[in-house]
There are 2 protein chains.
Amino acid sequence: MGIGKRFVVKLVFLAGCWHVATGSEKPNIVVFLVDDMGWMDSSVPFCDAEMPRNQWFHTPNMERLAKQGMLFTNAYATSVCTPTRVSLMTGMNAAHHRVTNWTSRPRDIPSDFDSETNPLKTPVWNYNGFSPVADIEHTVYGTPLPALLADAGYFTIHVGKAHFAAAGTPGASPYNMGFVVNKSGNMAGMPQSYYGEQNYGNIEGKTTDIAIHDLTEYYGTSTYLTEAITREALKALDYPVKTKTPFFLYMAHYAVHLPLHEDPRFVQRFYDAGLDSGAAKFSSMVASMDHSLGELMDYLEEKGIADETLILFFSDNGGHSINTRKGGKAHTQNLPLKEGKGSLHEGGIRVPMIAKWPGHVKAGSREHRSVIVEDFFPTLLEVAGNKGAKTIQRVDGRSFMPLLKGTHAVDTSRALIWHYPNKWKKEDFATIDYLSAIRKGEWKLIYHMAEGKLSLYHLATDMGEVNDIAGKHPDKVRELTRLLTDKLKGWNSPMPSFKEGGQQVPWPDEVVINNE
Amino acid sequence: MGIGKRFVVKLVFLAGCWHVATGSEKPNIVVFLVDDMGWMDSSVPFCDAEMPRNQWFHTPNMERLAKQGMLFTNAYATSVCTPTRVSLMTGMNAAHHRVTNWTSRPRDIPSDFDSETNPLKTPVWNYNGFSPVADIEHTVYGTPLPALLADAGYFTIHVGKAHFAAAGTPGASPYNMGFVVNKSGNMAGMPQSYYGEQNYGNIEGKTTDIAIHDLTEYYGTSTYLTEAITREALKALDYPVKTKTPFFLYMAHYAVHLPLHEDPRFVQRFYDAGLDSGAAKFSSMVASMDHSLGELMDYLEEKGIADETLILFFSDNGGHSINTRKGGKAHTQNLPLKEGKGSLHEGGIRVPMIAKWPGHVKAGSREHRSVIVEDFFPTLLEVAGNKGAKTIQRVDGRSFMPLLKGTHAVDTSRALIWHYPNKWKKEDFATIDYLSAIRKGEWKLIYHMAEGKLSLYHLATDMGEVNDIAGKHPDKVRELTRLLTDKLKGWNSPMPSFKEGGQQVPWPDEVVINNE
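The sections below set out a description of the structure shown in this document. (Residues numbered from 1 in each chain as written. Chains lettered and ligands numbered in written order. Predicted model: local features only at pLDDT ≥ 70, side-chain atom pairs only at ≥ 80, totals over all residues. Heavy atoms only, no water.)

**Section: the overall build of chain A**
No. 1: Summing up its helical and strand segments, chain A has 12 helices and 20 strands in all.
No. 2: Taken over the C-alpha trace, chain A has a radius of gyration of 22 Å; the compact-globule value for 516 residues is 24 Å, and the two agree within 12%.
No. 3: In terms of overall dimensions, chain A has a C-alpha envelope of 70 × 55 × 45 Å along the principal axes.
No. 4: The buried share of chain A, reckoned over its 516 residues, is 65%.
No. 5: Counting 53 positive and 57 negative side-chain charges, chain A places the averaged centre of each group 4 Å from the other. (Helix = DSSP H or I, 4+ residues; strand = E, 2+ residues; numbered from the N terminus. Rg over C-alpha atoms; globule rule 2.2 N^0.38 Å. Buried < 20%, exposed > 50% of the residue type's maximum accessible area, 1.4 Å probe, protein only. Lys, Arg positive; Asp, Glu negative; His and termini not counted. Charge placed at Lys NZ, Arg CZ, Asp CG, Glu CD.)

**Quick look at the pattern of salt bridges**
Should their charged atoms come close, side chains of opposite charge can pair.
Residues and elements named next belong to chain A.
No. 1: Scanning the entire structure with this criterion turns up 58 salt bridges over all chains.
No. 2: For Glu 346, the salt bridge goes to Lys 444, with nearest N and O atoms at 2.8 Å. Residue Glu 346 is located in helix α9 (residues 346–349), and its partner Lys 444 is located in strand β18 (residues 443–448); the two are separated by 98 residues in the primary sequence.
No. 3: On the accessibility criterion, Glu 346 (0% relative accessible area) is buried.
No. 4: A relative accessible area of 0% places Lys 444 in the buried class. (Salt bridge = Lys/Arg side-chain N within 4 Å of Asp/Glu carboxyl O.)

**Considerations on the packing of aromatic side chains**
No. 1: Counted under the stated rule, the structure contains 35 aromatic pairs over all chains.
No. 2: On the numbers, 6.0 Å between centres and 65° between planes, the contact of Tyr195(B) with Tyr224(B) is edge-to-face. Placement of the pair is Tyr195(B) in the loop between β10 (181–183) and α6 (225–243) and Tyr224(B) in the loop between β10 and α6, with a sequence separation of 29 residues.
No. 3: For the pair Phe248(B) and Tyr250(B), a centre-to-centre distance of 6.4 Å together with 50° between the ring planes defines the contact as tilted. The pair Phe248(B) / Tyr250(B) is uniform in exposure class, with both members buried.
No. 4: Ring pairing ties together the aromatic residues Phe72(A), Phe314(A), Phe376(A) and Phe400(A), which thus form one cluster.
No. 5: Against the face of Phe282(A) rests Lys326(A), its NZ or CZ located 4.2 Å from the ring centre.
No. 6: For Lys425(A), the ring lying beneath its charged end belongs to Trp424(A), and the centroid distance is 4.5 Å. (Phe/Tyr/Trp six-rings, centres within 6.5 Å; stacked < 30°, edge-to-face > 60°. Lys NZ or Arg CZ within 6 Å of the ring centre and 35° of its normal.)

**So, the sheet that holds strand β17 (residues 435–440) of chain B**
Residues and elements named next belong to chain B.
No. 1: Read across the sheet, four strands follow the order β16-β17-β18-β19 without closing on themselves; strand pairing throughout is antiparallel. The open sheet has two free edges, formed respectively by β16 (415–420) and β19 (453–458), since each of these has just one partner strand. Averaged over all pairs of adjacent strands, the angle between their axes in this sheet comes to 15°, without regard to strand direction.
No. 2: Bridge count for strand β18 (residues 443–448) against β19 is six bridges, and the pairing is antiparallel. Note on β19: the bridge partner recorded for Lys 444 is Tyr 457. (Pairing = 2+ DSSP bridges. Axes fitted to C-alpha atoms, helices over the stretch in contact; angles between N-to-C directions.)

**Structural notes on the sheet that holds strand β19 (residues 453–458) of chain A**
Residues and elements named next belong to chain A.
No. 1: Pairing within the open sheet is antiparallel, and its four strands lie in the order β16-β17-β18-β19. Single-partner strands in this sheet number two, and they are β16 (415–420) and β19. When strand polarity is set aside, the average angle formed by the axes of neighbouring strands in this sheet is 15°.
No. 2: As paired strands, strand β17 (residues 435–440) and β18 are joined by six bridges and run antiparallel to one another. From the neighbouring strand, Ala 437 faces β18, where its bridge partner is Ile 446.
No. 3: In the packing of helix α12 (residues 474–491) onto the sheet, the strands contacted are β16, β17, β18 and β19, and the crossing angle to β17 comes to about 115°. (Contact = heavy atoms within 4.5 Å.)

**Focus: the packing of helix α6 (residues 225–243) of chain A against helix α8 (residues 277–302) of chain A**
Residue and element names in this part refer to chain A.
No. 1: Put simply, α6 and α8 touch, their axes get as near as 10 Å, and they point 20° apart. Between α6 and α8, the angle falls in the class roughly parallel. In the packing of α6 onto α8, the handedness of the crossing is right-handed. Judged by residue contacts, Thr 226, Glu 227, Thr 230, Leu 234, Leu 237, Asp 238 and Val 241 of α6 engage Ser 288, Met 289, His 291, Ser 292, Glu 295, Leu 296 and Tyr 299 from α8.
No. 2: The residue makeup of the contact of α6 with α8, split by class, is six nonpolar, five polar and three charged. (Parallel < 35°, antiparallel > 145°, perpendicular 65-115°, else oblique. Left-handed = near helix turned anticlockwise from the far one by under 90°. Nonpolar A, V, L, I, M, F, W, Y, C, P; charged D, E, K, R; others polar.)

Encoded structure:
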């Protein structure tokens with residue numbers, strides 16, 4: 001038996017009966033999920049060329065992880081928080097689970113905005129989020145991933161941001177999703193404060209129902225939120241490590257979401273490098289998150305279990321880019337990718353992803369094939385030895401185990417879908433609101449529902465989605481609109497309607513190709 | 001092997017080595033701790049005769065527990081919350097751990113009150129509470145019980161009220177005490193609200209730093225706090241039950257502490273019985289707590305593990321009795337016991353206690369020998385097979401296993417000590433503030449530090465502490481003051497001083513006996 005393998009044989013003698021759970025090799029699993037981290041927000045270049053932005057960020061532990069594992073250059077999330085998290089938990093595409101936007105804190109309150117100039121009415125979507133319990137209004141009901149990992153013998157731990165569902169519904173609590181331990185996760189999508197000195201927002205005058213829970217021991221101290229939940233995660237690992245139980249750690253950072261609260265431990269470096277205040281603060285938040293990753297990697301090494309642990313680093317959507325708070329010019333902070341959080345352009349959905357799994361995943365490798373967030377579900381079930389587990393929902397994701405294992409096959413038939421029949425902010429953003437998109441191979445089509453417009457891009461030659469070539473490739477547009485329409489209809493995906501007249505926007509394949 | 005026994009044999013094969021954890025019989029342990037429940041606050045008579053108060057409360061599940069187990073008529077806590085909880089966690093007497101009063105939410109703020117008429121200055125005590133980490137100012141450092149139970153193979157669960165220490169110190173988090181799971185426990189000593197409709201206090205305009213954590217799935221629902229944490233407790237038990245791991249559930253209700261929020265499920269019965277509003281509301285809170293006990297007992301039965309589970313029912317101090325909010329006349333609500341919460345008279349420290357342990361504890365038995373809260377520590381270690389475990393602190397408690405097992409020996413040498421060198425409220429209460437007390441056999445002596453007065457009672461004949469017979473029994477007074485003084489000196493217990501002159505109050509054995 002090689003290093004990095006673990007065989008557990010349990011013989012339980014109970015009331016005269018011998019129950020033998022047969023041994024199997026189960027690696028520990030860590031999903032290290034960052035919030036709102038853009039594809040360019042690190043010193044690790046996910047782009048094939050290093051960009052100026054890669055030079056100012058400082059993420060040595062992401063570099064370390066990438067050196068020891070596989071870096072994905074075409075990894076996708078959805079464009080906002082909750083849909084990604086629900087896809088992770090269910091293996092469903094967002095257009096299918098219909099949690100197409102982030103969930104509000106109180107139940108029954110869609111988070112959508114509207115404006116006088118907006119011609120569309122947002123459809124009814126599952127605005128209460130995911131539910132592990134049937135018959136909760138406006139939720140998607142399904143079998144959550146942690147429950148299936150628990151069934152496979154895993155000790156399941158949730159730390160940090162949950163935001164799977166609204167308060168007052170079962171999905172608000174990770175304890176209803178199959179997690180044995182939950183620290184801090186609830187319906188909150190962001191902290192009031194990253195500062196222990198401010199009790200992470202648990203102070204008079206703050207909105208109390210989004211305050212972060214379970215961290216009272218750090219109140220009044222200088223412990224930054226990212227550090228506090230890291231310590232809590234390591235503490236939570238002690239039980240499965242001690243009992244030699246394989247664990248699933250869902251380490252979901254609140255960082256690097258707003259508020260833009262600098263981590264004082266790391267910020268000076270960025271001021272010294274001449275960054276403006278917004279960029280320096282944001283970079284310190286990224287550095288702080290990276291430090292957390294390093295502490296976790298150190299812990300696994302110290303405990304001698306790094307070699308039997310799969311780490312998946314991921315971000316829940318692209319970097320926030322509609323204003324200048326984080327420095328830079330609005331709508332440019334993810335360049336060369338177009339747009340950012342909220343948008344179905346690459347800046348909103350393409351995210352940093354790294355997988356480390358010694359003995360299984362080739363160190364220092366780069367993988368260009370696409371993966372999308374719902375793929376985590378079947379992948380982790382396969383890793384955990386619970387492949388094909390029964391689920392209430394129909395799973396859309398496909399296991400990326402072959403990619404991890406380094407097979408060379410390319411699935412040319414696969415199409416990835418994104419669907420955002422919502423309006424993100426009070427302001428109108430033509431490149432963010434009411435979009436639906438599909439990628440197949442290097443072709444990507446975006447359907448602008450408000451304008452009834454189709455755009456086509458060839459990502460291999462135009463990653464920045466600068467040249468809309470829909471007019472030049474009507475057959476490709478037809479193929480992709482048909483595929484997209486079939487998927488949306490099959491999933492009964494929510495579609496906006498026109499305020500005037502009230503009829504639903506056309507399906508993508510009903511739209512006349514621009515310039516045709 | 002009989003019913004109610006469990007043998008677990010684990011063989012773990014790791015990197016070529018066989019580690020064999022030998023089997024042992026370990027019962028599950030439930031400590032069901034109620035807050036502020038007085039000795040007379042149930043339909044179970046802890047007094048030898050049933051009292052009118054027993055007739056109006058409705059606690060069928062306590063009756064059920066008592067029928068199946070052993071009822072203790074002389075069980076003692078300390079007179080306020082935190083000291084009892086720290087004694088439970090450390091096995092130390094409060095005069096020894098020096099957490100003699102309840103801890104404030106923020107650190108470094110003693111919770112003591114003062115008044116112009118108060119002649120004494122409260123001494124420095126461990127007002128930051130218990131700490132599982134060394135060198136935290138104004139804490140008692142020790143090895144917590146759950147950590148030792150975890151060492152003994154227990155899966156350790158904290159649900160409800162912790163209140164072991166102030167925020168900003170390690171003791172604020174049950175996760176630092178050896179608990180693997182914690183739901184809702186922090187530095188808060190009471191909820192802002194028992195109502196889901198009010199998010200248990202997590203709403204604008206409430207003091208946010210004592211709001212209850214981890215219950216967001218019930219926000220906006222009609223789930224009463226006592227019910228919510230019961231459901232969370234049962235959920236938490238699923239993991240150890242499924243994995244057949246012995247568990248320690250520390251089920252610490254916020255109920256029946258103030259605020260006086262009626263449980264609508266149970267209150268009508270008490271209005272119908274003609275109780276006034278305060279009494280009806282309070283009785284519904286007690287009934288609600290009792291319902292929780294029933295749900296827990298049902299769960300254990302359904303899972304087939306009731307017979308291998310030790311349940312210890314206990315309250316953290318006597319019933320609150322300084323006003324009429326809960327109905328009745330002030331300072332009388334624990335009659336026949338004198339006074340209530342805060343006081344070292346029997347009403348403040350004698351509490352309901354029931355132990356159920358099938359096959360070990362005789363069903364329907366009554367035990368008149370005394371036990372005190374620090375005895376839980378060595379008892380539970382013995383139950384868990386970790387007797388004599390190494391601890392940082394010197395343990396004062398004695399195992400009451402012989403009592404559970406029904407031995408007839410009486411330890412005539414044992415003396416129980418209480419020490420409250422504090423002032424409870426803004427108002428002065430001669431029968432509450434600045435008291436130290438000792439019970440040996442049926443004799444109880446109280447030292448009133450402010451007045452320099454000693455009182456002696458014979459509890460077997462005067463449970464109500466009506467007849468101070470110190471003047472008639474100078475030898476007994478001398479014996480008890482000497483014993484008490486030796487203990488307090490040995491523990492370096494905090495003693496108040498006179499505001500005027502600044503010298504410390506005399507030790508008990510320096511006080512001249514009244515009427516002598």
